[in-house]
Amino acid sequence: MSGIVMIVSRSLKQHALSTAVTVVSAALACGLVMGVFSVKTQTHDAFTGGPIGFDAVLGARGSDLQLVLNTVFHLETSPGNIPYSMFTYMKAQPSVKLAVPYAVGDNYLGYRIVGTTDEMFTKFEYQDGKKFALQQGRVFYNDSREAIIGSFAAQKTGLVIGSKFNPYHGFAFNPDDKHNVEYTVVGIMEPTNSPSDRVVWIPIAGIWQMPGHYATNAATGERYAPKADQLIPDDDREISAVMLKFTNPQAGMNFKQTVNRGGKYTLAWPIAQSIADLFDKIGWMDKVLEMVAYLVVVVAAGSILASIYNTMNERRREFAILRALGARRTTVFSAIVLEAASISALGSALGFVVYGVILYTAAVIVRAQTGVVLDPFQLHPVLIYGPAGMIAMGTLAGLVPAFKAYGTDVATNLAPVS
């Protein structure tokens with residue numbers, strides 16, 4: 001066995017350049033496979049089973065998915081407004097454990113501003129037993145021009161306790177859409193590793209009274225722009241959605257049937273199901289990425305085959321000498337197979353570096369765009385079967401040159417070279 005190891009070691013050093021190129025090729029293939037499957041799994045789990053906290057979303061008539069993306073992940077535009085009375089109605093229901101109103105339509109430097117109540121920070125649990133905690137400062141007062149900043153938004157905008165800022169109209173930042181009203185930062189949230197980290201939270205009354213926003217007269221149905229600091233009657237108020245937590249799953253099913261059958265509003269329940277439906281619709285993209293990753297592994301295995309096979313002509317005399325010195329055919333065969341396996345193993349080990357780069361880059365992009373956090377150190381079965389599969393493919397690729405070495409004719413290849 002030591003002799004086989006010595007043969008392999010000598011060959012790898014003798015063909016260092018081709019070995020290095022092949023190892024890198026295997027590393028890229030292995031790292032890509034591990035990266036694709038890990039990002040896919042973590043993204044799916046984060047969106048469908050991450051820290052959501054609420055059971056359902058009540059909003060304007062339209063798509064469940066749009067409603068969920070708009071309120072839970074803060075990614076979509078609002079499908080429309082609903083009367084504030086729907087919030088008070090749902091809040092009064094015995095089977096509703098918690099109801100929190102949302103009003104959206106503004107941003108600060110591209111980070112969404114959400115109008116809500118202090119219950120978002122005093123009663124809401126984004127995970128069992130976990131409420132939104134403040135890293136600094138305090139909770140805003142419901143009738144104030146104060147704001148609480150998500151950790152990621154604070155990091156990127158530079159807002160700190162005491163900072164003053166002006167909101168901008170719309171979901172996309174446009175310097176020309178600046179509101180002539182100023183808010184003061186009174187709290188910075190602890191990181192939650194959820195989309196909430198990208199949000200600027202203000203009292204919901206601030207959205208209603210924001211210059212350029214409108215209320216709807218309950219009696220006439222006409223829209224009007226409230227004056228600064230004008231108290232808007234409850235019947236004239238509108239909100240974007242109501243976030244709901246039920247006392248039991250049966251309540252969610254009952255409300256969904258009742259509300260959606262009415263035709264005026266949409267109740268998205270359960271929230272995770274809406275996101276799961278999205279992943280089902282775009283599942284073909286995952287399949288394409290998986291096929292590309294598998295194809296890269298096949299190409300890497302082919303490069304291992306080509307790398308070793310192309311050296312066979314110059315190594316025939318070497319094998320013939322080994323045979324003449326007493327080496328068996330199986331020894332030569334095993335040396336070539338072990339060489340292929342060694343290249344694959346080195347590539348697989350280096351593949352973890354490639355995997356780390358892919359996961360880190362993906363984590364930065366996904367967090368910046370959605371607030372969802374990916375963990376590069378999270379264990380996944382692909383971290384085992386990915387390298388194992390790469391080594392197996394490389395070993396199989398080594399069989400072709402191994403059989404060629406096995407059939408080396410001693411007499412012919414020991415003949416003097418003229």
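Everything here concerns the structure above.
Counting restarts for each chain: residues are numbered from 1 in the order of the written sequence. Only residues with pLDDT of at least 70 get local features here, since the model is predicted, and only at 80 or more are side-chain atom pairs given and counted; chain-wide, interface and lining totals rely on the full set of residues. Note that the side-chain values use all heavy atoms of the structure and ignore hydrogens as well as water.

Enquirer: Go over the overall build of the protein with me, naming the residues and quoting the values.
Expert: Strands here mean DSSP runs of E at least two residues long; helices mean DSSP runs of H or I at least four residues long; both are numbered from the N terminus. Across its full length, the protein holds 15 helices and 17 strands. Residues classed as buried in the protein amount to 47% of the 418 residues present. Here, residues are in contact when the closest pair of their heavy atoms is within 4.5 Å. Contacts in the protein between residues at least 24 apart in sequence constitute 75% of all its contacts with a sequence separation of at least 6. Residue burial considers only the protein chains on display, and all accessible areas are found by Shrake-Rupley using a 1.4 Å probe. As displayed, the protein offers around 20,000 Å² of accessible surface, 60% of which is attributable to carbon and sulfur atoms. We call a residue buried when its accessible area falls under 20% of the maximum for its residue type, exposed when it is over 50%, and partly exposed in between, using a 1.4 Å probe and counting protein chains only.

Enquirer: Pulling in residues and values, what's your account of the nonpolar core?
Expert: Throughout, nonpolar core names a set of buried Ala, Val, Leu, Ile, Met, Phe, Trp, Tyr and Cys residues whose side chains join them through atoms within 4.5 Å. Within the largest apolar cluster, 64 residues are counted, with the highest numbers of intra-cluster contacts made by F54, M120 and W201. In terms of residue count, the dominant contributor to this core is helix α2 (residues 16-49) (eleven residues). One finds A56, F152, I188 and I232 within the second-largest nonpolar core, a separate group that totals 44 residues.

Enquirer: Hey, could you go over the packing of aromatic side chains for me, with residue numbers and the actual values?
Expert: Each Phe, Tyr or Trp ring, with Trp reduced to its six-membered ring, pairs with another whose centre is within 6.5 Å; inter-plane angles below 30 degrees give stacked pairs, above 60 give edge-to-face pairs, and intermediate values give tilted ones. The tally for this structure, following the rule as stated, stands at 17 aromatic pairs. Where F37 meets Y294, the ring centres are 5.9 Å apart and the plane angle is 50°; that geometry is what we call tilted. Of this pair, F37 sits in helix α2 while Y294 sits in helix α10 (residues 283-309), and the two are 257 residues apart along the sequence. For the ring pair Y126 and F132, a centre distance of 5.4 Å and an interplane angle of 20° mean the geometry is stacked. For Y126, a relative accessible area of 12% puts it in the buried group. Classification of F132 by relative accessible area gives buried; the value is 5%. Across the ring face of Y84, the terminal group of R237 is positioned such that the distance to the ring centre comes to 5.5 Å. Only when the NZ of Lys or the CZ of Arg is both within 6 Å of the ring centre and within 35 degrees of the ring normal is a charge said to sit over the ring.

Enquirer: Describe the packing of helix α3 (residues 64-71) against helix α9 (residues 271-281), and please don't skip the residues or the numbers.
Expert: In this description, a line fitted to the C-alpha atoms serves as the axis of each element, helices being fitted only across the stretch in contact, and the angle between N-to-C directions of two axes falls anywhere from 0 to 180 degrees. The interhelical angle for the contact between α3 and α9, taken along N-to-C directions, is 110°, at an axis separation of 9 Å. One finds that α3 runs roughly perpendicular with respect to α9. Seen along the crossing, α3 lies across α9 with a hand that is left-handed. Together, D64, L65, V68 and L69 of α3 and I271, S274, I275 and L278 of α9 make up the contact between the two elements. For this classification, Asp, Glu, Lys and Arg are treated as charged, while Ala, Val, Leu, Ile, Met, Phe, Trp, Tyr, Cys and Pro are nonpolar and the rest, including Gly, are polar. Grouping the amino acids of the contact of α3 with α9 by side-chain chemistry returns six nonpolar, one polar and one charged. An angle counts as roughly parallel when it lies under 35 degrees, as roughly antiparallel when it exceeds 145, as roughly perpendicular when it falls between 65 and 115, and as oblique in every other case. Crossings are assigned a handedness: left-handed for a near helix turned anticlockwise from the far helix by less than a right angle, right-handed for a clockwise turn.

Enquirer: Please give an account of the environment of V24 that cites residues and values.
Expert: Along the polypeptide, V24 turns up in helix α2. Put simply, V24 and I343 are 319 residues apart on the chain and 9.4 Å apart in space, counted from C-alpha to C-alpha.

Enquirer: Report on the side chain of S344, specifying residues and quantitative values.
Expert: As for its placement among the helices and strands, S344 is situated in helix α12 (residues 329-370). Here S344 is in contact with I304, M390, I391, G394 and T395, once residues within four sequence places are set aside.

Enquirer: With reference to specific residues and values, describe α3.
Expert: Burial within α3 is extensive, with six of its eight residues counted as buried. When we look at burial in α3, the residues that qualify are L65, L67, V68, L69, N70 and T71. Check the buried side of α3 and you find it contacts β1 (56-60), β3 (96-108), β4 (111-116), β16 (241-246), β17 (265-268) and α9. Definition of a polar contact: a pair of N or O atoms within 3.5 Å, with one able to donate and the other able to accept a hydrogen when the atoms are protein atoms, and with sequence-neighbouring residues admitted only if both atoms are side-chain atoms. Looking at where α3 begins, the residue whose side-chain oxygen comes 3.1 Å from the main-chain nitrogen of L65 is S63.

Enquirer: Which residues make up the side chain of T117, and what are the values?
Expert: Along the chain, T117 turns up in the loop between β4 and α5 (119-122). Dropping the residues within four chain positions of it, T117 is found in contact with V100, P101, F140, N142 and I204.

Enquirer: Explain a nonpolar patch on the surface to me, and be specific about the residues and the numbers.
Expert: Together, V24, L28, L350, V353 and V357 make up a nonpolar patch on the protein surface, roughly 420 Å² of accessible area in all. Here the nonpolar patch takes three residues from α12, the largest share from any one element. Each patch is built from salt-bridge-free residues with over 30% relative accessible area, joining like charges within 9 Å and nonpolar side chains (Val, Leu, Ile, Met, Phe, Trp, Tyr) within 5 Å. Salt bridges are defined as contacts in which a side-chain nitrogen from Lys or Arg sits within 4 Å of a carboxyl oxygen from Asp or Glu.

Enquirer: Talk me through unusual backbone geometry; I want residue IDs and the actual numbers.
Expert: Note that the residue after W269, namely P270, is joined by a cis bond; omega there is -15°. Residue H74 is not a glycine yet carries a positive backbone phi of 55°. Tracing the sequence through the fold places H74 in the loop between α3 and β2 (82-83). On the accessibility criterion, H74 (7% relative accessible area) is buried. Of note in this structure, L109 is not a glycine but carries a positive phi near 55°. Within the element layout of this structure, L109 appears in the loop between β3 and β4.

Enquirer: Tell me about the pattern of salt bridges, and please be specific about residues and values.
Expert: Side chains that differ in charge, positive against negative, can pair when their charged atoms come close. Under the definition given, this model contains four salt bridges. As a salt-bridge pair, R138 and E146 come within 2.6 Å of each other at their nearest N and O atoms. Its relative accessible area of 12% is what places E146 among the buried residues. Among the charged side chains, a salt-bridge network with shared partners connects K91, E119 and K123.

Enquirer: Explain the environment of T395 residue by residue, including any values.
Expert: Assignment of secondary structure puts T395 in helix α13 (residues 382-397). Spatially, the C-alpha atom of T395 lies 8.4 Å from that of A301, the residues being 94 residues apart in sequence. In this view, T395 contacts V337, A341 and S344; residues no more than four positions away in its chain are not counted. At 2.7 Å, the side chain of T395 and the backbone oxygen of I391 are in polar contact.

Enquirer: Could you give an account of the pairing of strand β11 (residues 183-189), naming the residues involved and the relevant values?
Expert: β11 sits mainly inside the fold: six of its seven residues count as buried. Only strands that DSSP links by at least two bridges are regarded as paired with each other. Bridge analysis of strand β7 (residues 134-137) against β11 gives three bridges, and the strand direction is antiparallel. Across the sheet, G137 pairs through a bridge with G187, a residue of β11. For strand β8 (residues 146-149) and β11, the ladder comprises four bridges, and the chain directions are parallel. By the bridge assignment for β11, E146 is matched with T184. Pairing geometry for strand β9 (residues 164-165) and β11, over two bridges, is antiparallel. Each residue of the ladder has a partner; that of F165, found in β11, is Y183.

Remember that the coordinates give geometry; whether it matters functionally is a separate question.
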